[in-house]
Amino acid sequence: AAVANQNDDLTRIRGVGPRLAQHLRELGVTRYGQIADIDPAALDDPHHALAGLKARILRDGWIEQASVLRGP
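Calculation notes
Residues numbered from 1 in each chain as written. Predicted model: local features only at pLDDT ≥ 70, side-chain atom pairs only at ≥ 80, totals over all residues. Heavy atoms only, no water. Helix = DSSP H or I, 4+ residues; strand = E, 2+ residues; numbered from the N terminus. Buried < 20%, exposed > 50% of the residue type's maximum accessible area, 1.4 Å probe, protein only. Contact = heavy atoms within 4.5 Å. Areas by Shrake-Rupley, 256 points an atom, 1.4 Å probe, with all protein chains shown as cover. Lys, Arg positive; Asp, Glu negative; His and termini not counted. Charge placed at Lys NZ, Arg CZ, Asp CG, Glu CD. Arc of directions from axis to C-beta.

In this structure, what is going on with the overall build of the chain? I would like to understand it.
Check the secondary structure of the chain and you find 4 helices and 0 strands. Helices and strands in the chain line up, N terminus first, as α-α-α-α. Across its three principal directions, the C-alpha atoms of the chain cover 35 × 25 × 20 Å. Split into buried and exposed, the 72 residues of the chain put 35% on the buried side. Taking as baseline every contact in the chain between residues at least 6 positions apart, the subset at least 24 positions apart corresponds to 50%. Carbon together with sulfur atoms contributes 52% to the accessible area of the chain, which is approximately 4,600 Å² in total. Computing the positive centroid from 9 side-chain charges and the negative centroid from 9, the chain places the two 7 Å apart.

Sorry if this is basic, but what is going on with the environment of Val68 here?
When you line up the elements, Val68 lands in helix H4 (residues 62–70). With 32 residues separating them in the primary sequence, Val68 and Ala36 have C-alpha atoms 8.5 Å apart.

In this structure, what is going on with the environment of Arg12? I would like to understand it.
Relative to the elements of secondary structure, Arg12 occurs in the segment before helix H1 (18–26). C-alpha of Arg12 to C-alpha of His47: the two residues are 35 residues apart in sequence and 26 Å apart in space. Those residues in contact with Arg12 that sit more than four places away from it in its chain are Tyr32, Gln65 and Leu69.

I would appreciate a short explanation of H4 in the present structure.
Working note: α-helix, 3.6 residues per turn, so residues spaced by three or four point in the same direction. Of all the residues in H4, the buried ones are Trp62, Ile63, Gln65 and Ala66. What you see down the axis of H4 is that its buried residues fit within an arc of 165°, all on one side. Summarising the geometry of H4, the exposed residues directed more than 90 degrees from the buried face are Glu64 and Val68. Of the surrounding secondary structure, the elements contacted by the buried residues of H4 are H1, helix H2 (32–36) and helix H3 (54–60). Just downstream of H4 lies Gly71, where phi reads positive at about 85°.

Rendered as structure tokens:
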């Protein structure tokens, strides 16, 4: 249970600084896997929590970076 409560260091993703990492935590995004599993097409839905960050997510390659950071 202790491991499940740990957050990943989202600032290791290029383009994510401390303020943006805090904003992501407020949106419930705390793990690399959550970002790695994003379907880019889902970001077109304005109701998606990360829709406002779509351009940045795709431009900076967050999904790919998070996949590597998450590991196998």
